[in-house]
Amino acid sequence: MTIEVDYRFPPGVDAERQAKVIAVGQTAGTWDARFAHREETLRSHLAEVVQVRAEPDGYNLATIRFPEANVENDIPTLLTMIFGKYSMAGAAKVMAVRLPEDYGRRPKLGIAGIRERLGIVNRPLIMAIFKPALGLSADDHAAILNEVANAGLDIIKDDEIMGDLDVAPTLKRLEACRKVLDAVKQQTGRTVLYAVNVTGTADKLIEKARLLVREGANALLLNVLTYGFSVLEALAANSEINVPIFVHPAFAGAMCAAPDYGLAYSVVLGTLMAHGGGDAVLYPAHYGSLPFDPMEEARIRDSLRSRNLFPVPSAGIHPGIVPKALADYGQDVILNAGTGIMDHPDGPASGVKAFFEALERVRQGASFELETLPEGALRRAVEKWGAG
């Protein structure tokens with residue numbers, strides 16, 4: 001089996017030469033007569049330049065095929081091989097990675113498993129983020145959760161910058177919020193997922209995740225690009241961590257945003273995440289608050305769904321964009337809103353209700369023009385944030 005990678009080189013770069021440098025330098029390298037007796041084996045580890053083609057904009061795209069035998073069926077050795085030291089060699093960007101179907105890890109739960117845990121089959125899921133991100137006590141978190149959970153919310157998560165801090169230690173947050181989750185379950189029969197941000201040094205993080213699950217955490221959040229794909233893979237492989245893992249894209253811009261360096265967003269947040277073992281992946285929506293290319297967003301969505309991961313378009317999501325989001329995603333999507341729920345003019349519960357009113361309005365094929373909206377949570381949201 002082989003791994004194919006597309007590299008894009010800007011005008012002025014000798015793409016043919018640089019592709020050969022990658023194919024040799026990122027694999028076996030060169031050898032002399034001392035290793036003639038090993039030549040067959042050494043050649044089996046060399047990559048092959050499949051093609052180099054000119055693009056209309058003056059860029060060149062080179063496709064290189066790597067032997068799968070060079071890596072360990074994980075993301076860290078893959079990244080080290082395809083773009084390790086060469087990432088410091090000059091202008092080049094990884095635009096696509098095509099992996100064997102069985103490479104890496106599949107989600108433990110994914111779309112089907114998360115739906116089963118929630119008992120929700122045929123509609124998008126609504127997710128909120130605790131806001132403010134920092135400074136709230138554990139009891140503050142519980143009070144917010146109580147409000148939005150009783151309004152019908154499906155999932156809530158810590159903000160990605162909320163660590164194990166003195167103001168609201170992770171276990172204290174979980175303890176306070178678990179009481180709310182248990183009460184909602186007892187009173188309504190509904191399960192609400194709370195994705196707790198798992199942090200810590202490499203030698204302690206996995207044990208902390210196990211402890212959180214033992215203490216009742218029913219979902220986890222991981223900043224995979226800062227903690228590393230090996231941490232995600234270890235969490236996914238651990239049989240005691242039998243809850244969905246929500247993966248945050250923090251730091252992705254540092255890897256992906258430069259036009260001629262790094263890796264495409266669709267590689268990092270799509271392909272690599274799809275083979276990394278998570279269950280749901282957050283990333284910016286192009287109609288949100290962060291600049292994002294709709295084609296890249298579509299590639300991410302399709303990569304994730306191809307391996308049963310939930311796409312979670314985020315960053316600036318509010319009730320008024322629900323028609324666009326559903327047109328792009330259909331039913332298998334988690335709509336993730338922080339400000340769009342927590343800063344609703346009538347409070348977070350109304351923020352949740354506005355999303356459900358929006359889902360129903362899309363189902364009915366009704367307009368989102370302000371003058372057509374009846375009084376209520378959705379109208380108030382559209383008055384504040386607009387539609388579309």
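Since we're looking at a predicted model, the values are computed, not measured.

Caption draft 1: A look at the pairing of strand β12 (residues 310–314). Most of β12 sits out of view: five of its five residues are buried. Sheet topology places strand β11 (residues 280–284) next to β12; five bridges connect them, and they run parallel. Residue A280 lies in a different strand from β12, and its bridge partner there is F310. Crossover handedness for the path β11 to helix α12 (residues 294–306) to β12: right-handed.

Caption draft 2: Just helix α15 (residues 348–364), in detail. The terminal C-alpha atoms of α15, which comprises 17 residues, lie 25 Å apart, in line with the 24 Å expected from a rise of 1.5 Å per residue. Burial in α15 covers these residues: P348, A349, S350, G351, V352, A354, F355, A358, L359 and R361. For α15, the secondary structure elements touched by its buried residues are β5 (125–129), α5 (138–150), α13 (322–329), β13 (334–337), α14 (339–342) and α16 (377–385). Count one or two residues on from α15 and you reach G365, which has phi positive near 75°.

Caption draft 3: Spatial organisation of the environment of G270. Mapped onto the elements of the fold, G270 is located in helix α11 (residues 265–274). G270 sits in the buried class, given a relative accessible area of 0%. Residues G270 and E40, spaced 230 residues apart in sequence, show a C-alpha to C-alpha distance of 36 Å. In this structure, G270 is in contact with Y265, I300, S303 and L304, ignoring residues within four places of it in sequence.

Caption draft 4: Looking closely at the side chain of N238. Relative to the assigned elements, N238 resides in the loop between α9 (229–237) and β9 (245–248). From its side chain, N238 meets the backbone nitrogen of E240 in a polar contact 2.9 Å long. Ignoring any residue separated from it by four or fewer positions in sequence, one finds N238 in contact with K108, I206 and R210.

Caption draft 5: Region of the structure containing the pairing of strand β4 (residues 92–98). Taken together, the five bridges between strand β1 (residues 2–9) and β4 define a ladder with antiparallel strand orientation. Within β4, the position partnered with D6 by the bridge is A96. Direction of pairing for β4 relative to strand β10 (residues 261–263): parallel, over a ladder of three bridges. The residue of β10 that forms the bridge with V94 is L263.

Caption draft 6: Structural context of the packing of aromatic side chains. In the structure shown here, the tally under the stated rule is four aromatic pairs. On the numbers, 5.6 Å between centres and 85° between planes, the contact of F130 with Y194 is edge-to-face. Of the two residues, F130 sits in the loop between β5 and α5 while Y194 sits in strand β7 (residues 193–197), which places them 64 residues apart along the sequence. Aromatic rings pair up to connect Y7, F83 and Y86 into one cluster. Sitting over the ring of Y59, R8 keeps its end group 4.9 Å from the ring centre.

Caption draft 7: Local environment of a nonpolar patch on the surface. A cluster of nonpolar side chains, contributed by L134, I161, L165 and V167, occupies part of the molecular surface with about 320 Å² of accessible area. With respect to the element layout, V167 can be found in the loop between β6 (155–157) and α6 (170–188). On the basis of relative accessible area, V167 is assigned to the partly exposed category, the value being 39%.

The rules behind the values
Residues numbered from 1 in each chain as written. Predicted model: local features only at pLDDT ≥ 70, side-chain atom pairs only at ≥ 80, totals over all residues. Heavy atoms only, no water. Buried < 20%, exposed > 50% of the residue type's maximum accessible area, 1.4 Å probe, protein only. Helix = DSSP H or I, 4+ residues; strand = E, 2+ residues; numbered from the N terminus. Pairing = 2+ DSSP bridges. Right-handed = clockwise from strand over helix to strand, strands pointing away. Expected span 1.5 Å × (residues − 1). Contact = heavy atoms within 4.5 Å. Polar contact = N/O pair within 3.5 Å; in protein donor to acceptor, adjacent residues only side chain to side chain. Phe/Tyr/Trp six-rings, centres within 6.5 Å; stacked < 30°, edge-to-face > 60°. Lys NZ or Arg CZ within 6 Å of the ring centre and 35° of its normal. Patch = residues over 30% accessible without salt bridge, like charges linked within 9 Å, V, L, I, M, F, W, Y side chains within 5 Å. Areas by Shrake-Rupley, 256 points an atom, 1.4 Å probe, with all protein chains shown as cover. Salt bridge = Lys/Arg side-chain N within 4 Å of Asp/Glu carboxyl O.

The analysis is restricted to geometry; functional conclusions fall outside its scope.
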